[in-house]
Amino acid sequence: MSATLLRGRTLSFRDMPGSHDDHASYLYEEDGAVAIKDGIIAASGSYDEVRAQFADAEVVDHRPHLVLPGFIDTHLHFPQAQVIGSFGTKLLDWLNTYTFVEEQKFADPEHCERMATHFFDNLLRNGTTTAVAYCSVHKASAEAFFSEAERRKLRMIGGKVMMDRNAPDALCDTPQSAYDDSKDLIERWHGKGRALYAISPRFAITSTPTQLEMAQALTAEYPECYMQTHLSENQAEIDLTLDLYQSARDYLDVYEMYGLLGDKSLFGHCLHLGGRERAAMAETGSVAVFCPTSNLFLGSGLFDEDGLRGHGVRTAIATDIGGGTSYSMLKTLDEAYKVLQLKNQVLNPLKSFCMMTLGNARALQLEDKIGTLEAGSEADLVVLDSHATPAMALRMETVRSLAEELFVLQTMADDRAIAGVYTAGRACHPELRS
Ligand code: GUN
Ligand code: ZN
């Protein structure tokens, strides 16, 4: 198969930018190109250089748009597409009033399939090409998630939630069935095509100690899988957790007692951690996942990015649909900027764009596969139009640098700015497929 060449203003990060003018941290080509062959990036660089290597290639001209690696979302809930924007509650009431009601519908495989189609359409429409998803407790929900991702050749990570208490009976598995179903799903899907599995005890409140032992057994048996759960999101949640696990020193210790910390462990939220918890996260390489739109929507708290990183904790960023309110990683970074303003921390736009690409790829230890435009990476790409709306076009008249342009995109753009999406080298935007 001959190569395809995408021409545009290419941007890819080499490292997390320290400041606005950390030009060494990224590669930007005003007239750049990405050559794609068999779903893989064969070369990237200046158009002239890449063109010289691939003289026969078909050229798709995306100028004057930006071409970046596809966005990566490290925490969201597949069964919550119809929970987004549910009014008036905080975490535990929100779960009981809305989420646990909606998730029961995923007992029906047809509902799972319909929702999977919408779920991936919405991700791609927003330029997100890899996501780490919680499915519902039902095995059928994970089957639908992975089958639809496979059909579209997407690099997706997911897992069925394990939950055996403090939820409606219809949403509870048992320690043994959670183990058996998760094991079956891992055997069936982990490493199949582009799929990867995340062992997913929902959170301490909805798992008995026996079920966390089962999660521990799975992580020991399948160390190549991810582990994802929720941690320290809301004060009422923390109080109930410590009541349920009275021997735990703190919330993180519940997971620590069951061997669930590690460099493939993703902990959603991490808003109210104490010093011991931060130190243990740092020591084990565990990842704290910042979910700004969710944290604001549920009134949960403000993420301490600088404090966590200062303690050596690895961090990532995510939408947390449907506590989160937008599938857009651009909107997510917009809200992250505002959260950090309230913490007197400044999120520079170069860092924002690195976070949703290379930064999240590193958090998942997938930077050799996704998150950059390096040759050898999988060809998952997003094309961004900085003039997508009249208000953006007007604002762009005064923009003088790449960092300023990225900040306008982050602050003003949404799915309307996604001018193209490629996964495994194929155009796959639900409306813009060529
Ligand atoms: N904690 C346990 N489950 C959930 C969930 O579905 N969403 C959020 N935001 N927090 C949780
Ligand atoms: Zn979540």
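Small disclaimer: the values here were computed from a predicted structure and weren't measured.

Novice: Would you take a moment to explain the pairing of strand 1 (residues 4-13) for this structure?
Specialist: It is a general feature of regular strands that their side chains alternate between the two faces of the sheet. Buried residues dominate strand 1, accounting for nine of its ten residues. Where strand 1 meets strand 4 (residues 58-69), six bridges bridge the pair, whose relative direction is parallel. The residue bridging Leu5 from the neighbouring strand is Val59, located in strand 4. Alignment of strand 1 against strand 2 (residues 26-37), held across nine bridges, turns out to be antiparallel. Residue Thr10 lies in a different strand from strand 2, and its bridge partner there is Glu29.

Novice: What is the right way to read the site of ligand 1 from this model?
Specialist: Neighbouring ligand 1 are 13 residues; His77, Gln80, Arg202, Glu233 and Asp320 lie closest to it. Within the side chain of Arg202, a nitrogen or oxygen atom sits 2.7 Å from an oxygen atom of ligand 1. Glu233 places a polar side-chain atom, nitrogen or oxygen, 2.7 Å from a nitrogen atom of ligand 1. Protein contact buries 100% of the 280 Å² of open area that ligand 1 shows by itself. Broken down by element, the residue count for the shell around ligand 1 peaks at three residues, all from helix 2 (residues 91-103). Residue classes in the shell around ligand 1 are distributed as five nonpolar, five polar and three charged.

Novice: Before we go on, may I ask you to explain the coordination of the zinc ion (ligand 2) in this structure?
Specialist: Coordination angles at a metal have ideal targets, namely 109.5 degrees for four tetrahedral donors and 90 or 180 degrees for six octahedral donors. At the metal site, the zinc ion (ligand 2) is ligated by His75 (NE2), His77 (NE2), His230 (NE2) and Asp320 (OD), and these contacts range over 2.0 to 2.5 Å. Sequence spacing of the donor residues for the zinc ion (ligand 2), all on one chain, is H-x1-H-x152-H-x89-D. Of this pair, His230 sits in strand 9 (residues 226-231) while Asp320 is found in the loop between strand 12 (314-317) and helix 12 (329-342), placing the two residues 90 residues apart along the sequence. Given the relative accessible area of 6%, His230 is considered buried. Asp320 gets classed as buried once you look at its relative accessible area, which sits at 4%.

Rules used throughout
Residues numbered from 1 in each chain as written. Chains lettered and ligands numbered in written order. Predicted model: local features only at pLDDT ≥ 70, side-chain atom pairs only at ≥ 80, totals over all residues. Heavy atoms only, no water. Buried < 20%, exposed > 50% of the residue type's maximum accessible area, 1.4 Å probe, protein only. Helix = DSSP H or I, 4+ residues; strand = E, 2+ residues; numbered from the N terminus. Pairing = 2+ DSSP bridges. Near = heavy atom within 4 Å. Polar contact = N/O pair within 3.5 Å; in protein donor to acceptor, adjacent residues only side chain to side chain. Areas by Shrake-Rupley, 256 points an atom, 1.4 Å probe, with all protein chains shown as cover. Nonpolar A, V, L, I, M, F, W, Y, C, P; charged D, E, K, R; others polar. Donors = N, O, S within 2.8 Å, 3.2 Å for Na, K, Ca; no water.

Nothing here speaks to function; it is geometry throughout.
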